Amino acid sequence: MEQILEAALAEAISCCQKTGLIRVKSPQKIVVQPPTDSKLKSPGDLSTNIALELASQARQPPRQIAQAIVDHLHLDNALIAKVELAGPGFINFHVQQAWWYQTLFKIEEQKTRYGDLDLGGGERVQVEFVSANPTGPLHIGHGRGAAVGDVLANILQKAGYDVQREYYINDAGNQMSMLGRSVLARYRQLSGQQVSFPDKGYQGDYIKDIAQQIINEEGDKLSAKPEAEAIAYCTGFASRKILAGIKDVLKDFGVSFDSWFSEQSLYDQGLVEQAIQTLKNREYIEEREGALWLKSSALGDDKDRVVWRSNGEPTYLAADIAYHQHKYRRGFKKVIDIWGADHHGYINRLKAAISALGQDPQSFNVLLVQLVSLVRKGVPVAMSTRQGEFTTLIEVLDEVGVDAARFFFLTRRCDSQLEFDLELAKQQSAENPVYYVQYAHARICSIIRQAQQAGITLPTVHEVDLELLKLTAEIELIKKLAEFPALLKGSALASEPHRLTFYVLDLAGRFHKYYHRQRVITGHEGETAARLALVNSIKTVLGIVLNLLGINAPEQM
RNA sequence: GCGCCUGUAGCUCAGCAGGAUAGAGCAACGGACUUCUAAUCCGUAGGUCGUAGGUUCGAAUCCUACCAGGCGUACCA
């Protein structure tokens, strides 16, 4: 519909240009969209601001331009009921009611595929998220990243991309050896030895639990081994345990990855050296003070960065460069990394590195998710894995449930900080918005069951007289359903999963209002059939969105 | 110091590539269960969109400066 109107407007404008009614030379992009303010007294179904856009160029009053356009507009009466000017020069189109009914046919025909787009054209995209070090359990902040990444991947999939979900396991480097040393220290303490705990070691109780497991399985065998060997054993044992735990929680949280990529594997295959060699060949590496520097300042970074230390060891950045080179070698056209906002200082240097590797930095996107600050009974809780003060994701899931947690993480824009008060979340659980949406779905299921008990089978859209759906609330509901594909598109283009949450809340709200004002199952057979078809369409769309959000769509509550 | 994010109703937040009279939810107050699920609905009240300039026909939205909060600025990961 929008395209039809845009074409008609373009024709009318060029006609006005020729006759000199509108004094513009270069054509402006015409946009037809639903009016932004739905509370308007007489809202047009679709609206364009083109006359306002043209006003300054034409040096003519916008209303005069709008009038000229309208006078030259040729539209099919079967589609458009009325065209009118409004406000400073908006042109509003009132679409024929019958046109909206097509949405219902589309939903019935496409079912769960309703809203599918071909935005991506099958292009391969990778979404990498969570990627927490296997040095401790996932905390609440990782939960937000997991929810955002998972839902974004779902959205992109529905928008026609070939999406891979990957978790990058930072299983190499100092942090890992610190993990091993922490576990070994606890192992020795549990074995009755007096040993000091390493500075900046991991202090959480889970370290003791792991040490105890080693004792259970290996006894005191480790004490006899050389230090380095014992540390290596502890590191390997602990990281396997922790990673297994991470995988379990993510599974419980409804997040599944296509690929778990090990940082260590980059070293094992010599890919880190290879990546640095690529950069050398491309002359982006410089040796200074015994270290190798990436000349990133020439590529938009604040300064140059060390990739190979003077002590002969690569930096974390070197591994990350190799990792991203590997991503491109695997054929991804678009690479999306989801990071905690505390890593934002890292974007420019990695972007610079990607340019240096010869890849288009535009193809590399980082979605920053602002930190979750955890509050318990009003008291802020620090979330440092090292100090062992954190609330794990699993604890949060136990308290508020998977559906509520996922929904809560997505009720905010990514770049807005989230304060998660566990007490509040518990208190609100009965009134949590997620139930509001699920309840709408369950309610519709209940109506359909009720109808079936009364011997009324759920009609197809073709079988009913849609003209009976003529209440404002009904048309508004259908319009809301019609909006969904465009919403999904915007959400995919902007990488903004939260839009789905707000959409589904709105849709559920409109349904609840409708439910209270009108009965679906009435004495009138035709009316009942038409309304059943309508609510069934709503149910389909609610189901699609809940599915994208990874939240259950219950048949009853 | 420099950089990134945020600042919208008492609280938590929307506001989609500037558009029409800035919207929800919660909390507050007043109502609705012989009716398809009251996990719901209806009504009332609540605002110099951090401040000051600028761009424009038009700014919560774009630009500049400042104020406040958060985060970052390693040969750590």
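Residues numbered from 1 in each chain as written. Chains lettered and ligands numbered in written order. Predicted model: local features only at pLDDT ≥ 70, side-chain atom pairs only at ≥ 80, totals over all residues. Heavy atoms only, no water.

## Examining the protein's contact with RNA strand B
Then, in step 1: Around RNA strand B there are 63 residues in total, and F90, R309, Y439, S446 and R519 lie nearest to it.
Then, in step 2: Near the protein, within 4 Å, the atoms of RNA strand B are sugar or phosphate in 66% of cases.
Then, in step 3: Residue H516 places a side-chain N or O atom 2.7 Å away from a sugar or linking oxygen belonging to RNA strand B.
Then, in step 4: Here R519 contributes a side-chain N or O atom positioned 2.3 Å from a sugar or linking oxygen of RNA strand B. (Near = heavy atom within 4 Å. Polar contact = N/O pair within 3.5 Å; in protein donor to acceptor, adjacent residues only side chain to side chain.)

## Focus on the nonpolar core
Across soluble globular proteins, nonpolar side chains show a tendency to be buried alongside one another.
Then, in step 1: Formed by 143 residues in total, the largest nonpolar core has its most connected members in I69, F420, F484 and L500.
Then, in step 2: A total of 14 residues in this core trace back to one element, the largest contributor, which is helix 20 (residues 525-549).
Then, in step 3: What F420 contacts, discounting residues up to four positions off in sequence, is I140, V372, S373, L374, V375, V396, F408, F409 and A425.
Then, in step 4: The next biggest cluster of nonpolar side chains, apart from the first, holds 31 residues, and it includes I276, Y328, V335 and A353. (Core = buried A, V, L, I, M, F, W, Y, C linked by side-chain atoms within 4.5 Å. Buried < 20%, exposed > 50% of the residue type's maximum accessible area, 1.4 Å probe, protein only. Helix = DSSP H or I, 4+ residues; strand = E, 2+ residues; numbered from the N terminus. Contact = heavy atoms within 4.5 Å.)

## Remarks on a negative patch on the surface
Then, in step 1: Together, D248, D252, E395 and D398 make up a region of like negative charge exposed at the surface.
Then, in step 2: Looking at the element boundaries, E395 is found in helix 14 (residues 393-400). (Patch = residues over 30% accessible without salt bridge, like charges linked within 9 Å, V, L, I, M, F, W, Y side chains within 5 Å. Areas by Shrake-Rupley, 256 points an atom, 1.4 Å probe, with all protein chains shown as cover. Salt bridge = Lys/Arg side-chain N within 4 Å of Asp/Glu carboxyl O. Lys, Arg positive; Asp, Glu negative; His and termini not counted. Charge placed at Lys NZ, Arg CZ, Asp CG, Glu CD.)

## What to know about the state of the cysteines
Then, in step 1: Throughout the structure, instances matching the rule amount to 0 disulfides.
Then, in step 2: Looking at the unpaired C15, the closest cysteine sulfur is the one in C16, lying at 5.8 Å. (Disulfide = S-S within 2.5 Å.)

## Structural notes on the sheet that holds strand 9 (residues 291-294)
Then, in step 1: Strand order across the open sheet formed by 3 strands is 8-9-10, with antiparallel pairing between neighbours. The open sheet has two edge strands with one neighbour each: strand 8 (285-288) and strand 10 (305-308). The average angle at which neighbouring strand axes cross in this sheet is 45°, direction not considered.
Then, in step 2: Note that strand 8 and strand 9 share 4 bridges and pair antiparallel. Across the sheet, I285 pairs through a bridge with L294, a residue of strand 9.
Then, in step 3: This element, helix 12 (residues 316-329), spans strand 9 and strand 10 of the sheet and lies at about 80° to strand 10. (Pairing = 2+ DSSP bridges. Axes fitted to C-alpha atoms, helices over the stretch in contact; angles between N-to-C directions.)

## A few points about the packing of helix 4 (residues 97-110) against helix 18 (residues 472-494)
Then, in step 1: The geometry of helix 4 relative to helix 18 is characterised by a closest axis approach of 9 Å and an angle of 55° between their N-to-C directions. Between helix 4 and helix 18, the crossing angle belongs to the class labelled oblique. Helix-helix and strand crossings are classified by hand; for helix 4 and helix 18 the assignment is left-handed. Two secondary-structure elements touch here, helix 4 through Q97, W100, Y101, T103, L104 and I107 and helix 18 through I475, I478, K479, L481 and A482.
Then, in step 2: Across the contact of helix 4 with helix 18, the residue classes break down as 8 nonpolar, 2 polar and 1 charged. (Parallel < 35°, antiparallel > 145°, perpendicular 65-115°, else oblique. Left-handed = near helix turned anticlockwise from the far one by under 90°. Nonpolar A, V, L, I, M, F, W, Y, C, P; charged D, E, K, R; others polar.)

## Section: the sheet that holds strand 5 (residues 124-128)
Strand pairs in the sheet, formed through backbone hydrogen bonds, run parallel or antiparallel to each other.
Then, in step 1: Pairing is parallel across the open sheet formed by 5 strands, whose spatial order is 7-6-5-11-12. Since the sheet does not close on itself, it has two edges, and those belong to strand 7 (259-262) and strand 12 (364-369), each with one partner. Taking the axes of each pair of neighbouring strands and ignoring which way they run, one obtains an average angle of 25° across the sheet.
Then, in step 2: Relative to strand 7, strand 6 (residues 162-169) runs parallel, the two sharing 4 bridges.

## Things to note about helix 9 (residues 227-252)
Then, in step 1: Taking 1.5 Å of rise per residue, the 26 residues of helix 9 would be expected to cover 38 Å, and the 37 Å separating its terminal C-alpha atoms lies within 8% of that figure.
Then, in step 2: Phi turns positive one or two residues past the end of helix 9, at G254, with a value near 85°. (Expected span 1.5 Å × (residues − 1).)

## Focus on unusual backbone geometry
Then, in step 1: A positive phi angle is found at V130, which is not glycine, with a value near 65°.
Then, in step 2: Topologically, V130 is positioned in the loop between strand 5 and helix 5 (140-158).

## Side note on the side chain of N170
Then, in step 1: Mapped onto the elements, N170 comes out in the loop between strand 6 and helix 6 (174-190).
Then, in step 2: The exposure class assigned to N170 is buried, which follows from its relative accessible area of 8%.
Then, in step 3: Of the polar contacts made by the side chain of N170, one reaches the side chain of Y316; its length is 3.1 Å.

## Describing the domain arrangement of chain A
Then, in step 1: Under the domain assignment, chain A is made up of domain 1 (2-95), domain 2 (174-252) and domain 3 (433-548).
Then, in step 2: One C-alpha centre belongs to domain 2, the other to domain 3; they are set 54 Å apart. (Domains from an automatic or database assignment.)

## Thoughts on the confidence of the model for chain A
Then, in step 1: Mean pLDDT over chain A: 90, with 94% of residues reaching 70 or higher.
Then, in step 2: Below a pLDDT of 50 lies the segment residues 384-388, which in the model reaches 15 contacts outside its immediate sequence neighbourhood of four places, other chains included.
Then, in step 3: Prediction confidence for the complex, expressed as pTM and ipTM, is 0.94 and 0.95 respectively. (pLDDT = per-residue confidence, 0-100.)

## Some thoughts on the packing of helix 19 (residues 498-517) against helix 20
Then, in step 1: Two elements in contact, helix 19 and helix 20, have axes whose closest approach is 10 Å; the angle formed by their N-to-C orientations is 155°. When the axis of helix 19 is compared with that of helix 20, the two are roughly antiparallel. Crossing geometry of helix 19 relative to helix 20 is assigned as left-handed. Between helix 19 and helix 20, the contacting residues are L500, T501, Y503, V504, L507, A508, F511 and Y514 on the first element and R531, L534, V535, I538, V541, L542, V545, L548 and L549 on the second.
Then, in step 2: In terms of residue class, the contact of helix 19 with helix 20 is built from 15 nonpolar, 1 polar and 1 charged.

## Comments concerning the pattern of salt bridges
Then, in step 1: Using the criterion set out here, one finds 24 salt bridges in the structure.
Then, in step 2: Residue R188 is joined to E227 by a salt bridge in which the shortest nitrogen-to-oxygen separation is 3.0 Å. Taken as a pair, R188 in helix 6 and E227 in helix 9 lie far apart in primary sequence, 39 residues in all.
Then, in step 3: Residue E227 is classed as partly exposed on the basis of its relative accessible area of 42%.
Then, in step 4: Between K327 and D337 there is a salt bridge whose closest N-O contact spans 3.0 Å. In this pair, K327 sits in helix 12 while D337 sits in strand 11 (residues 334-340), placing the two residues 10 residues apart along the sequence.
Then, in step 5: Taking relative accessible area as the criterion, K327 reaches 0% and is therefore assigned buried.
Then, in step 6: Several salt bridges converge on common partners, so that one network encompasses D45, E476, K479, K480, E483, D506 and R510.

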